[in-house]
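One-letter residues, chain by chain:
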Amino acid sequence: MSKADSIHTLSLKGIHDGVHSGAFSVMEVTDAYLDRIERFNPELNAYITVTRDSAKAQALEIDNRIRKGELSGPMAGVPYALKDLFCSEGVRTTCASNMLSNFISPYDAHVAAKLKAAGGVLLGKNNMDEFAMGSSNETSAFGVVRNPWDTNKVPGGSSGGGAATIAARLAPMTLGTDTGGSIRQPASFCNITGIKPTYGRVSRYGMIAFASSLDQCGPMAPSAEDCAITLNVIAGLDVRDSTSVDRTVPDYTATLNDSIEGLKIGLPKEFFADGLDAQVGVVIERAIKEFEAKGAIIKEVSLPNSHLAVPVYYVVAPAECSSNLSRFDGVRFGHRCEDPKDLRDLYERSRWEGFGDEVKRRIMIGTYALSAGYYDAYYLKAQQVRRLIKQDFESAFADVDVIMGPSCPTTAFGLGEKKDDPIAMYLEDLYTIPVSLAGLPGMTFPVGFAADGLPVGIQLVGNYFEEARMLNIAHQYQQWTEWHTQVPTKFA
Amino acid sequence: MSISAEEVKKVAHLARLAVPEEQLEGYVRNLSNILNLVDQLSAVDTTGVEPMAHPLDMMQRLREDVVTETNHREKYQSVAPEVENGLYLVPKVIE
């Protein structure tokens, strides 16, 4: 096997060490990934835009800077992708919407600038559900993404393109966003590792907003170690995001090898009740047993209000989306309709033509919930129940260190299977949404395959700002198991 | 709870969305289903519960009132549908 044929099997650390020891150049790594994208992306549709020319220019520059000793950090020379809702200067940023199909961003999102400054090489922008609204990547205006494990199945969503990209090794790492499960659910469907940090841990500047009190950016990669390396680069205060938290960022790689003996793991009984597909439950329970065998202490906990999380979410998220998406008016950027007869016609037709069905549904629900006479019954009520959900977690964390359970009730479902039933689609996220509403960090990592042959991810929830402990736990699991190294035969 | 066609029209107008008449029915059905899902909340006793606006109950951070942004008018207007002399163009508002 030649060098170029095995580069995609390396971890971020493996790539870093290789380019710094001179085993291969940044250009060789970049070319290896660009070749894989060219070969496999037509089938998967995981990328909306491939930045081939700028990637090669960046690779050349970074090779030079590494040689001169100007760059040596863990991301120097490492290629990556971005979900197509992170603004990237000079690169088309579509949010998978016709509204932004020709939008060339005039600036970089905070996280995009961080990865660029650290010497990463941007390979392209990943497909997603339109404006991150969806759980199957079927709402994209740029076509569905296929799950590399079975191309008749969805990859999950909304960060479905990113999950498929990592599963097929078309990039060693990508950034996704998670509002109600958009990193964790696709990561689980595609057998990869993904973490949604605590709300406020990573700046949202330049991340096209969906629901501002929930949106959070996080890494998606094969392993917890890759996620830790990435989070080290992107986490921390940014004054351009008023919800960005001013709190020291630990070195997430420093504690990866800590022992998990005596770790108290809580299992919410509500997450193992009716609604969980038995073939998923079996795999999750086997993983819990493995933790127990390594010295973890398993306890049952209760999140009695968690069944209310989906209804709360479908008030709060649409309300915030209705407000955030009012900026798309056909005046300053984005789609404008032909020959508007007056200003109202300009707004109404530009928005009608630019947005897809699911986005319009959510804007309307949100507008309704916020309109005069309904605010108290919907938005205020939802914000109150949201607090009850958060208090459930606070009680649980008084007894345990972390919480574990399934990431999703099922394995990846079929393309088109739930497309015309929004409610069935919404219920896909019933285990991830409570965590988002509480603002807690949540992650998922691969723990095996269900009877149908599709991957299963376990969800790990930590207390606020406990990302280091979570990454440590997932990393330890990945030391005893090899689920996270599995790649579909076709893409091996 | 269900929503009527008239209410959907009103909401669409508030949201500045031009729903064509023939697509109204689909929105009435889907929005009613979503509102039914959400209606479970009305049965929850939330007496005395403080609404949660921010997961960490943080206060808005303030900054000095000084200019921090530089002028990028040309760059930002390069992505606008229609501009003239540094101004965004829209259909005539006042006759």
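Residues numbered from 1 in each chain as written. Chains lettered and ligands numbered in written order. Predicted model: local features only at pLDDT ≥ 70, side-chain atom pairs only at ≥ 80, totals over all residues. Heavy atoms only, no water.

**Details of the nonpolar core**
Residues and elements named next belong to chain A. Our working definition: Among the buried residues, those of types Ala, Val, Leu, Ile, Met, Phe, Trp, Tyr and Cys that are joined through side-chain atoms within 4.5 Å form a nonpolar core. Only protein chains enter the accessibility calculation, which uses a 1.4 Å probe; a residue whose area is less than 20% of its type maximum is buried, one above 50% is exposed, and one in between is partly exposed. Numbering goes from the N terminus for both helices and strands, where a helix is a DSSP run of H or I of at least four residues and a strand is a run of E of at least two. Working rule for contacts: check all heavy atoms of both residues, and any pair within 4.5 Å makes them a contact.
Grouped together as the largest cluster of nonpolar side chains are 175 residues, with contacts concentrated most on F131, F393 and L471. Per-element accounting of this core gives the leading share, 10 residues, to helix α10 (residues 309-324). Aside from chain neighbours lying at most four places away, what touches F393 is L303, I403, P434, V435, A438, L440 and V461. In terms of nonpolar packing, the next biggest core, distinct from the first, is built from 8 residues, A167, C190, I192 and M220 among them.

**Focus on the interface of chain B and chain A**
We apply this condition: The term buried area denotes the loss of accessible surface (1.4 Å probe radius) that occurs when two parts are joined, taken as the sum for both partners. Within this document, salt bridges are pairs made up of a side-chain nitrogen of Lys or Arg and a carboxyl oxygen of Asp or Glu, the two lying within 4 Å of each other. Under the rule applied, a polar contact is a pair of N or O atoms within 3.5 Å (in protein, one hydrogen donor and one hydrogen acceptor; residues adjacent in sequence only if both atoms are side-chain atoms).
Taken together, the 53 residues of chain B in the interface contact 68 residues of chain A. Note on chain B versus chain A: buried area summed over both sides is about 5400 Å², and carbon and sulfur give 69% of it. Counting across the chain B and chain A interface gives 2 salt bridges. Between the two partners, chain B and chain A, sit 21 residue pairs in polar contact (both at pLDDT 80 or more). Listing elements by their share of the side of chain B that touches chain A, those giving two or more residues are α1 (5-14), α2 (24-38) and α3 (73-77) of chain B. Here the side of chain B that touches chain A gets 8 residues from one element, more than from any other, and that element is α2 of chain B.

**Re the side chain of D178 of chain A**
All names here are of chain A. For D178, the position within the fold is in strand β4 (residues 174-178). Of the residues examined, D178 reaches a relative accessible area of 0% and is grouped as buried. A polar contact is formed between the side chain of D178 and the backbone nitrogen of G181, at a distance of 2.8 Å. Reaching out from D178, the side chain makes a polar contact with the side chain of R184 at a distance of 2.9 Å. Look past the residues within four positions of D178 in its chain and what remains in contact with it is I183, R184, K196, L214, D215, Q216 and S436.

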